[in-house]
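# Chains, contacts and geometry: an overview
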Amino acid sequence: MTKLTHLDATGAAHMVDVSTKADTAREAVAEGRISMSRDALDAIREGTAKKGDVLATARIAGIMAAKKTAELIPLCHPTMLSKVAVDFAFEESGIRATAVVRLNGQTGVEMEAMAAVSVALLTIYDMAKAVDKGMVLSGIQLLSKTGGKSGEWSRGEC
């Protein structure tokens, strides 16, 4: 069984000591989706949502979330991110958000990528809820990561 790294020998939560790890190039890619009504989707696509440019605001919110992940997740290390990109794709009944996060450092950026996607989707909900309160966030997941001791990992075809 794999040992949980955020628990010490007594089972108490602790922040993992990364001081002896070498800096490596690391990247994580995550995605998630928000489904919504045709009216909400059209308002976002056409730029007619009452609160303004939904996707531009959601992109900035996602980037900010990646930068603040260590403040949200108790045992995450603060990081010096070198890249955060949040992109959106319209689908038949919703929007897919994808985040790419990179750094050169001693710890990975999986949590930052998933935080970016989560907050970007929550921002879409906030900005379009006047049109559709029944929107659903789903499928928030890590797609791939590179770097560090564990090397490359990919979810593969989803």
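So, a few notes on the structure that sits alongside this text. None of these values were measured; they are calculated from a predicted model. (Residues numbered from 1 in each chain as written. Predicted model: local features only at pLDDT ≥ 70, side-chain atom pairs only at ≥ 80, totals over all residues. Heavy atoms only, no water.)

## Things to note about the overall build of the chain
When you go through the chain residue by residue, the secondary structure sums to 4 helices and 5 strands. Counting from the amino terminus, the chain carries its helices and strands in the arrangement β-α-α-α-β-β-α-β-β. For the C-alpha atoms alone, the extent of the chain along its principal axes is close to 50 × 30 × 30 Å. Put simply, the chain has 158 residues, and 36% of those count as buried. At a minimum sequence separation of 6, the contacts of the chain that also span at least 24 residues come to 69%. For the chain, the exposed surface amounts to about 9,100 Å²; the carbon and sulfur share of it is 56%. Positive and negative charge centroids in the chain, built from 19 and 19 side chains respectively, lie 2 Å apart. (Helix = DSSP H or I, 4+ residues; strand = E, 2+ residues; numbered from the N terminus. Buried < 20%, exposed > 50% of the residue type's maximum accessible area, 1.4 Å probe, protein only. Contact = heavy atoms within 4.5 Å. Areas by Shrake-Rupley, 256 points an atom, 1.4 Å probe, with all protein chains shown as cover. Lys, Arg positive; Asp, Glu negative; His and termini not counted. Charge placed at Lys NZ, Arg CZ, Asp CG, Glu CD.)

## Observations concerning helix α2 (residues 54–67)
Spanning 14 residues, α2 covers 20 Å between terminal C-alpha atoms, matching the ideal 20 Å at 1.5 Å per step. Among all positions of α2, only V54, L55, A58, A61, G62, A65 and A66 are buried. Here the buried residues of α2 occupy an arc of 135 degrees about the axis, which is enough to place them on one side. More than 90 degrees from the buried face of α2, the exposed residues found are I60 and K67. Of the surrounding secondary structure, the elements contacted by the buried residues of α2 are α1 (38–46), α3 (69–72), β2 (83–91), β3 (94–105) and α4 (110–128). Backbone nitrogen of L55 and a side-chain oxygen of the N-cap are separated by 3.4 Å at the start of α2; the cap is D53. (Expected span 1.5 Å × (residues − 1). Arc of directions from axis to C-beta. Polar contact = N/O pair within 3.5 Å; in protein donor to acceptor, adjacent residues only side chain to side chain.)

## Remarks on the sheet that holds strand β4 (residues 136–146)
What holds strands together in a sheet is hydrogen bonding between their backbones, with the strands either parallel or antiparallel. Strands sit in the order β2-β3-β1-β4-β5 across an open sheet of 5 strands; the sheet is antiparallel. Every interior strand has two partners, whereas the edge strands, β2 and β5 (153–154), have only one. Strands in contact with α4 are β1 (24–35), β2, β3 and β4; relative to β1, the strand with the most contacts, it is inclined by about 25 degrees. (Pairing = 2+ DSSP bridges. Axes fitted to C-alpha atoms, helices over the stretch in contact; angles between N-to-C directions.)

## Some points on the packing of aromatic side chains
Following the criterion strictly, the structure yields 0 aromatic pairs and no others. Taking NZ or CZ as reference, R45 lies 4.6 Å from the ring centre of F90, over its face. (Phe/Tyr/Trp six-rings, centres within 6.5 Å; stacked < 30°, edge-to-face > 60°. Lys NZ or Arg CZ within 6 Å of the ring centre and 35° of its normal.)

## Comments concerning the pairing of β2
Bridging between β2 and β3 involves 9 bridges; their strand directions are antiparallel. Bridge pairing in β3 links V86 to A99.

## Comments concerning α1
Within the span of α1, buried status applies to A40, L41, A43 and I44. Around the axis of α1, the buried residues are gathered within 160 degrees of arc, so they sit on the same side. Facing away from the buried side of α1 by over 90 degrees, the exposed positions are D39 and E46. Next to the buried residues of α1 lie α2, β2, β3 and α4.

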